[in-house]
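# Report on the structure
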Amino acid sequence: MAGGGEKKPIVEMVQADGADEGCVTFVLHDEDHTLGNSLRYMIMKNVDVEFCGYTVTHPSESKINFRIQTQGGIPATVPLRRGLNELSDVCQHVLNTFQARVNEFREGQEQPME
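Attention in this report is confined to the structure presented alongside it.

Counted residue by residue, strand β2 (residues 23–29) has seven buried out of seven residues, so it is predominantly covered. Both faces of β2 are covered, namely the face carrying C23, T25, V27 and H29 and the face carrying V24, F26 and L28. In this structure, strand β1 (residues 11–14) lies alongside β2, joined through four bridges in antiparallel fashion. Looking at β2, one finds that E12 is bridged to V27. As judged from the seven bridges shared by β2 and strand β4 (residues 63–70), these two strands associate in the antiparallel manner. Paired with V24 across the two strands is I68, which belongs to β4.

Right, here's the structure in full:
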């Protein structure tokens, strides 16, 4: 039985013995295709990434294995971090645009029709 204050890590890095930092599998806990496919798309836009893919381990498990291979000696953590930041920026833009349109719609509803 785990202690009450013990938390499971959100991300784990799995690297084969002797492998370079440019070829890493990340295990993302409590995630599924929603994050996996979006993040894969953002990371593949990076020219330094040779391969990026993910698998859902099993439908009853809520974790994904996310593999990144880079070229030029760049650590795989760099495009992962960049992809997460860019995805966060895109999501924030979508949220801001949606909220602005909702506000415009509500303002239009308050004005009397002629």
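Alright, that's what it looks like, and here's the rest.
One side chain can pair with another of opposite charge once the charged atoms of both are near each other. Under the counting rule described, the total for this entry stands at two salt bridges. Between E104 and R101 there is a salt bridge; the shortest N-O distance is 3.2 Å. Remark: R101 and E104 occur in helix α2 (residues 77–110); sequence separation between them is three residues, near one turn of the helix. Owing to a relative accessible area of 48%, R101 belongs among the partly exposed residues under this scheme.

About the criteria used
- Counting starts from 1 at the beginning of each chain's written sequence and moves along it residue by residue.
- The model is predicted, so local features are restricted to residues of pLDDT at least 70 and side-chain atom pairs to those at 80 or more, both for listing and for counting; the totals for chains, interfaces and linings are taken over all residues.
- Only hydrogens and water are set aside; all other atoms, that is, all heavy atoms of the structure, feed into the side-chain values.
- Each residue gets one of three labels from its accessible area relative to the maximum for its type: buried under 20%, exposed over 50%, partly exposed in between, using a 1.4 Å probe on protein chains only.
- Numbering of helices and strands runs from the N terminus, with a helix taken as a DSSP run of H or I at least four residues long and a strand as a DSSP run of E at least two residues long.
- Criterion used throughout: strands pair if DSSP finds at least two bridges between them.
- In what follows, salt bridge is the name for a side-chain nitrogen of Lys or Arg lying within 4 Å of a carboxyl oxygen of Asp or Glu.

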